[in-house]
Amino acid sequence: MKKILTLTLLSLTIILNAQNNPIKHVIVIGVDGMSPDGILHAQVPNLDSLMAKGSSTFECKAQMPTVSSPNWSSIIDGAPPAAHGVWSNKWQPSQIKDSVYCGGKKGQRFPTIFRVLREQRHHAKIVCFAAWWSFVRLVEPGVCNSKDRTFYTHFTGLRTANAIKIRKPDLLFVHFTEVDEMGHKYGHGTAKYYATISKVDKEIGRILQAIKKAGIENSTVVMIISDHGGVGHGHGGNSPAEINVPYIIRGPGIKAGYKLKGKPRNYDTTATLAKIMQLKAPDCWEGVSIDEIFDKAQ
Ligand SMILES: [Zn+2]
């Protein structure tokens, strides 16, 4: 009984806090394989504008191995591979049938931010789009209202912009995949690689416009993150070009034009989002909130 009462009070506190929170929407834009070098050499007016109006670093740290699945998992799970157990792109949910994470049920995935939001706010509108279909297996079934594959860069941008205008989601996560593909095909640091970053930047512009048109700009946080950089035609190692990724965040209460002094781990960005959304982070998350991005007045 006491436990039920405590849980009810906790839920009530979370609901009341959510109502007072000036931030109602969080849009996370994940760009696979987008290195800081790529941003520096490509035409990226929209990323430039986000950095000018928000807080950013080019030394956010990817986890080893610098491969997509371990790092996207770290970004949505608030913990490194040693905790969530996703070590390679070969990982499949069937591998965890006997595992128990975070005091959950046997065979459940390590809790993602999507599930944490769903459990603490049952009616939250959660949209998960991924151009890389493998991303979808990293997210629990049933926690996103829509979890769709979006294919090409342009279509991914259009889908995301429409979802923002129509649904005004509490949390939207979109994953762009083409930059990584061009890095593998033509090489990182090539004209084709940079041109694809510019192409994604254009779609980021479309997403920012949609936030404006939806009338939610003053209550929306936008975050940009990548899973790893690259060297030559690949990635996976621990060189600075592979480990360092961009982290950009803009929104109410977040410092403008601020360059981070710390070098956060990619899974710290998850804890930061939980704080922004006033969610209680699960005990098994190891990330800590990146508090230097917040305006002191907060
Ligand atoms: Zn990747």
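Anyway, here's the lowdown on the structure attached to this text. Keep in mind that this is a model prediction, so the values were computed, not measured.

### Looking at the overall build of the chain
In terms of helices and strands, the chain carries 11 helices and 8 strands. In summary, the chain has a C-alpha radius of gyration of 18 Å against a globular reference of 19 Å for 298 residues, a match within 12%. Seen through its C-alpha atoms, the chain measures out along the principal axes to roughly 65 × 45 × 35 Å. Evaluated residue by residue, the chain yields a buried proportion of 49% over its 298 residues. Pairs at least 24 residues apart make up 72% of the contacts formed inside the chain by residues separated by at least 6 positions.

### Focus on helix α6 (residues 113–120)
Every α-helix carries 3.6 residues per turn, so stepping three or four residues along brings you back to the same face. In terms of residue burial, α6 counts as a mostly covered element, since 6 of its 8 residues are buried. Among all positions of α6, only Ile-113, Phe-114, Arg-115, Val-116, Leu-117 and Arg-118 are buried.

### Points about the sheet that holds strand β7 (residues 244–250)
The sheet built from 8 strands is open, its strands ordered β4-β3-β5-β1-β6-β7-β2-β8 with mixed pairing. Every other strand in the sheet has two partners, leaving β4 (146–149) and β8 (258–259) as the edge strands with one partner each. Across the sheet, helix α3 (residues 45–53) lies against β2 (55–61), β6 (220–225) and β7, angled at about 65 degrees from β7, the strand it touches most. Seen against the sheet, helix α9 (residues 191–213) touches β1 (25–31), β5 (171–176) and β6 and runs at an angle of roughly 175 degrees to β1.

### Section: helix α4 (residues 68–77)
Of all 10 residues making up α4, 10 are buried, and the element is well covered by its neighbours. Buried within α4 are the following residues: Ser-68, Ser-69, Pro-70, Asn-71, Trp-72, Ser-73, Ser-74, Ile-75, Ile-76 and Asp-77. Those residues of α4 that are buried lie in contact with β1, α5 (81–84), α6, β6 and α11 (268–276). Within two residues after α4, Gly-78 carries a phi angle of roughly 65 degrees, on the positive side.

### Notes on the nonpolar core
Counting residues in each nonpolar core, the largest one holds 78 residues, and the members touching the most others are Ile-27, Ile-29, Phe-114, Cys-128, Ile-197, Ile-207 and Met-223. For this core, the element with the highest residue contribution is α9, accounting for 9 residues.

### A word on the packing of helix α7 (residues 153–167) against α9
At a closest axis distance of 8 Å, the pairing of α7 and α9 adopts a crossing angle of 10 degrees. Judged on the interaxial angle alone, α9 and α7 are roughly parallel. Between α7 and α9, the residues in contact are Thr-153, His-154, Thr-156, Gly-157, Thr-160, Ala-161, Ile-164 and Lys-165 and Lys-199, Val-200, Glu-203, Arg-206, Ile-207, Ala-210, Ile-211 and Lys-213, respectively. Its residues placed into classes, the contact of α7 with α9 shows 6 nonpolar, 5 polar and 5 charged.

What counts, and where the lines are drawn
- Residues numbered from 1 in each chain as written.
- Predicted model: local features only at pLDDT ≥ 70, side-chain atom pairs only at ≥ 80, totals over all residues.
- Helix = DSSP H or I, 4+ residues; strand = E, 2+ residues; numbered from the N terminus.
- Rg over C-alpha atoms; globule rule 2.2 N^0.38 Å.
- Buried ≥ 20, exposed ≤ 12 C-beta atoms within 10 Å, placed from the backbone.
- Contact = placed C-beta atoms within 7 Å.
- Pairing = 2+ DSSP bridges.
- Axes fitted to C-alpha atoms, helices over the stretch in contact; angles between N-to-C directions.
- Core = buried A, V, L, I, M, F, W, Y, C linked by C-beta atoms within 7 Å.
- Parallel < 35°, antiparallel > 145°, perpendicular 65-115°, else oblique.
- Nonpolar A, V, L, I, M, F, W, Y, C, P; charged D, E, K, R; others polar.

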